[in-house]
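# Observations on chain architecture
Next come the chains, spelled out residue by residue.
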Amino acid sequence: MGASSKNLRTCNKGHQYFKSSDCPTCPICEQERKPDTGFLSLLSAPARRALEHNGITSLEKLSTYSEKEILQFHGMGPASLPKLRAALQEEGLSFKN
């Protein structure tokens, strides 16, 4: 596998960072907006953005989806499901069947 070249980029807030992909997300901005508490704080940035992009910011809203539906979201992977299941279970909720 060849080495990928990283390009220096600057986000709208002025943060400078290097990226080798076309992804426009600034890692510094992502870290700054990561929640300190709640179920979204347990997830990776891509998984968190996948839920937020689909309007899922509460466990109640999450419980209206099936695991299969959640896995269809771009950025959501199977490693996030155990964390989401546990968070739902703590509140007496579960994924839709």
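Residues numbered from 1 in each chain as written. Predicted model: local features only at pLDDT ≥ 70, side-chain atom pairs only at ≥ 80, totals over all residues. Heavy atoms only, no water.

Another aspect to go through is the pattern of salt bridges. Should their charged atoms come close, side chains of opposite charge can pair. A full pass over the atoms with the stated rule returns two salt bridges. Among the salt bridges present, the one from E67 reaches R85, with a minimum N-O distance of 2.8 Å. Of this pair, E67 sits in helix α4 (residues 67–71) while R85 is found in helix α5 (residues 81–90), placing the two residues 18 residues apart along the sequence. Given the relative accessible area of 27%, E67 is considered partly exposed. A relative accessible area of 38% places R85 in the partly exposed class. Between E69 and K96 there is a salt bridge, with its nearest N and O atoms 3.4 Å apart. (Salt bridge = Lys/Arg side-chain N within 4 Å of Asp/Glu carboxyl O. Helix = DSSP H or I, 4+ residues; strand = E, 2+ residues; numbered from the N terminus. Buried < 20%, exposed > 50% of the residue type's maximum accessible area, 1.4 Å probe, protein only.)

Looking at chain direction, strand β1 (residues 7–10) and strand β2 (residues 16–19) are connected through four bridges and run antiparallel. Following the sheet pairing, N7 is matched in β2 by K19. (Pairing = 2+ DSSP bridges.)

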